[in-house]
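# Report on the structure
The lines below spell out each chain.
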Amino acid sequence: MSPSNPRDGSADSGSPVPFIDLVAQYGTIRNEVREAVDRCFETQTFILGDEVVQLEHEIAAYCDSAFAIGCASGTDALILALLAAGVKPGDEVITSPFTFFASAGAIHRVGAIPVLVDIDPVSFNIDPACVEKAITSRTAAIMPVHIFGQCAEMEPLWRMAGAYDIPIIEDSAQAIGAEYRGRRTGVLGTIGCFSFFPTKNLGGAGDGGIMTTDNPEIAARLKRLRVHGDTGGYNHVEVGFNSRLDALQAAVLRVKLRHLDKWTDGRARNAERYENLIQANGLDDVIQLPQTLPGRRHVFNQFTTRITGGRRAEVMKSLKEQQIGCAVYYPIPLHLQKCFAYLGYKQGDLPEAERAAEEVLSLPIYTELPAVHLERVVQGLCKALDRPYTLPFPASAPAVQRKAA
Ligand SMILES: *Cc1c(COP(=O)(O)O)cnc(C)c1O
């Protein structure tokens, strides 16, 4: 076998690499999207209606749930789900501190108390052992967040949900299509909550969300909660919200759903290329790669590494100078957010979440990222860490094979 081939400077060292490029994705579906948008304008149906009903059927089929109910955002999906699961003011809901704000924000918004427990350092997901320790007589729900596109460890949560009779609400905002033991998110708990925020794997042309469930009573409740608690004909059995999904969003999302699995495969392919290149360049002593746990399908909403040894700031500064996009999700764990000071947590309470917040760095992972740009990211990481850059051929070959060379 030939030795690895030094090609320093060959990986398209000129052009900037954006962290995300939605324009590139739109270029591949422009005609389909325009057709779908035109259809909405021709019918002048803009709120709920047939497009939303069709999307709901298609998402239910995609997740293998009995029902799907569209709403105005992923945040609203969580709020409506908490209410439909029977969470009341003063109740406790256990979730992760290492997530987008909305997970705990939704719990606060329904008057419940976010109980934040530490995470597993490998998957960044909630640690089931910590969940169990936090269960009290006031625990009204457990909300695992499938962070970055990989499912939380569900089996122990299912056991707790059964033993203590507590519903599970999945925050699947980053994980549409992710699988746990062959089952997709959305059916791994009582209610699944999804976001169509434009940067999610299935992103709309604005805000949107959807909730999935197999329970017909919960589905009916979610459906009325999104329209002021109206069961039809202006019969308001409870006070709900205005949280409807727009027909335009549904029409665009139906187009994109047809491409989702192909796009997800593209993200996974990019993840593999990063792994190969980072390992081949011997950067994995500093850069810890994301791990896909057994029995999972990771959909890589983010490709989140850890920069160890206290070197993250230095790496970020260098990538910025080289015009290579990267991002920190999340710099402040939720237990240390000012608005949650009333919960009484302090620095040091959730050490793994705090360490993750100090070390994580997400790299560009979108499907349309050209291979030369991906190489440029790794080249940029080499430069940041003052290591020589080597591009092994072919870049997509398994790392172990090249290591033997
Ligand atoms: C994006 C996101 C949400 C909120 O979704 P919106 O549609 O932006 O309201 C909730 N939880 C997580 C983990 C998210 O990433």
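Residues numbered from 1 in each chain as written. Predicted model: local features only at pLDDT ≥ 70, side-chain atom pairs only at ≥ 80, totals over all residues. Heavy atoms only, no water.

### Some points on empty space enclosed by the protein
Applying the stated rule across the entire model yields three cavities of 30 Å³ or more. Roughly 110 Å³ of volume is contained in the largest cavity. Lining of the largest cavity is provided by 14 residues; of these, Leu22, Gln25, Arg267, Tyr366 and Glu368 occupy positions nearest its centre. Elements represented by at least two residues in the lining of the largest cavity include exactly helix H1 (22-43) and helix H9 (260-280). Of the residues contributing to the lining of the largest cavity, the split by class is five nonpolar, four polar and five charged. When residues of the lining of the largest cavity are sorted by domain, at least three fall in each of domain 1 (27-257) and domain 2 (260-384). Size it by volume and the second largest cavity reaches roughly 70 Å³. Val122, Ser123, Phe124, Ile147, Phe148, Gln150, Pro290, Gln291, His298, Gln302 and Thr304 are the residues that line the second largest cavity. Broken down by class, the residue content of the lining of the second largest cavity amounts to five nonpolar, six polar and no charged. Composition of the lining of the second largest cavity by domain shows at least three residues from each of domain 1 (27-257) and domain 2 (260-384). (1 Å grid on protein atoms, 1.4 Å probe; cavity = no way out; pocket = protein on both sides within 12 Å on 5 of 7 lines; lining within 4 Å. Points joined across faces, edges and corners; volume = space filled by probe spheres on them. Helix = DSSP H or I, 4+ residues; strand = E, 2+ residues; numbered from the N terminus. Nonpolar A, V, L, I, M, F, W, Y, C, P; charged D, E, K, R; others polar. Domains from an automatic or database assignment.)

### Some thoughts on the layout of surface pockets
By volume, the largest pocket amounts to about 500 Å³. In terms of lining, the largest pocket is formed by 30 residues, of which the most central are Phe100, Gln174, Phe197, Thr199 and Lys200. Counting residues per element, the ones that place at least two in the lining of the largest pocket are helix H3 (74-84) and strand E8 (191-195). Taken together, the residues that form the lining of the largest pocket break down as 16 nonpolar, ten polar and four charged.

### A closer look at the packing of H3 against helix H7 (residues 216-225)
One way to put it is that H3 packs onto H7 with a least axis distance of 9 Å and a crossing angle of 130°. With respect to each other, H3 and H7 are oriented oblique. In this structure, the crossing between H3 and H7 has a hand that is right-handed. Judged by residue contacts, Leu80, Ala81, Leu83 and Ala84 of H3 engage Ile218, Arg221, Leu222 and Leu225 from H7. Residue composition of the contact of H3 with H7, by class: seven nonpolar, no polar and one charged. (Axes fitted to C-alpha atoms, helices over the stretch in contact; angles between N-to-C directions. Parallel < 35°, antiparallel > 145°, perpendicular 65-115°, else oblique. Left-handed = near helix turned anticlockwise from the far one by under 90°. Contact = heavy atoms within 4.5 Å.)

### Quick word on H9
Compared with the 30 Å implied by 1.5 Å per residue over 21 residues, the 30 Å span of H9 between its first and last C-alpha is a close match. If you check which residues of H9 are buried, you get Leu260, Trp263, Thr264, Gly266, Arg267, Asn270, Ala271, Tyr274, Asn276, Leu277 and Ile278. Phi turns positive one or two residues past the end of H9, at glycine 282, with a value near 65°. (Expected span 1.5 Å × (residues − 1). Buried < 20%, exposed > 50% of the residue type's maximum accessible area, 1.4 Å probe, protein only.)

### Concerning the nonpolar core
By size, the foremost hydrophobic cluster in this structure holds 48 residues, and its most contacted members are Phe98, Tyr274, Ile278, Leu363 and Leu381. Looking at this core, the elements with two or more residues in it are H9, strand E12 (303-307), helix H10 (312-321), helix H11 (351-359), strand E13 (360-363) and helix H12 (371-384). In terms of residue count, H12 provides more of this core than any other element does, six residues in total. Dropping the residues within four chain positions of it, leucine 381 is found in contact with Ile278, Leu283, Ile287, Val315, Leu319 and Leu363. (Core = buried A, V, L, I, M, F, W, Y, C linked by side-chain atoms within 4.5 Å.)

### Let's talk about the state of the cysteines
This model, assessed by the stated rule, comprises zero disulfides. Not part of a disulfide, cysteine 382 finds its nearest cysteine sulfur in cysteine 326, a span of 15 Å. Take cysteine 382: its relative accessible area is 1%, and that puts it in the buried class. (Disulfide = S-S within 2.5 Å.)

### Things to note about the packing of H3 against helix H4 (residues 102-109)
The N-to-C vectors of H3 and H4 enclose an angle of 45°; their axes lie 9 Å apart at closest approach. Between H3 and H4, the angle falls in the class oblique. Here H3 runs over H4; the crossing is right-handed. Touching Thr75, Leu78, Ile79 and Leu82 of H3 are Ala102, Ser103, Ala106, Ile107 and Arg109, all from H4. The residue makeup of the contact of H3 with H4, split by class, is six nonpolar, two polar and one charged.

### Overview of the environment of valine 377
Along the chain, valine 377 falls in helix H12. Not counting chain neighbours up to four residues away, the residues in contact with valine 377 comprise Val17, Tyr274, Leu319, Ile324, Leu363 and Pro364.

By themselves these figures say nothing about function.
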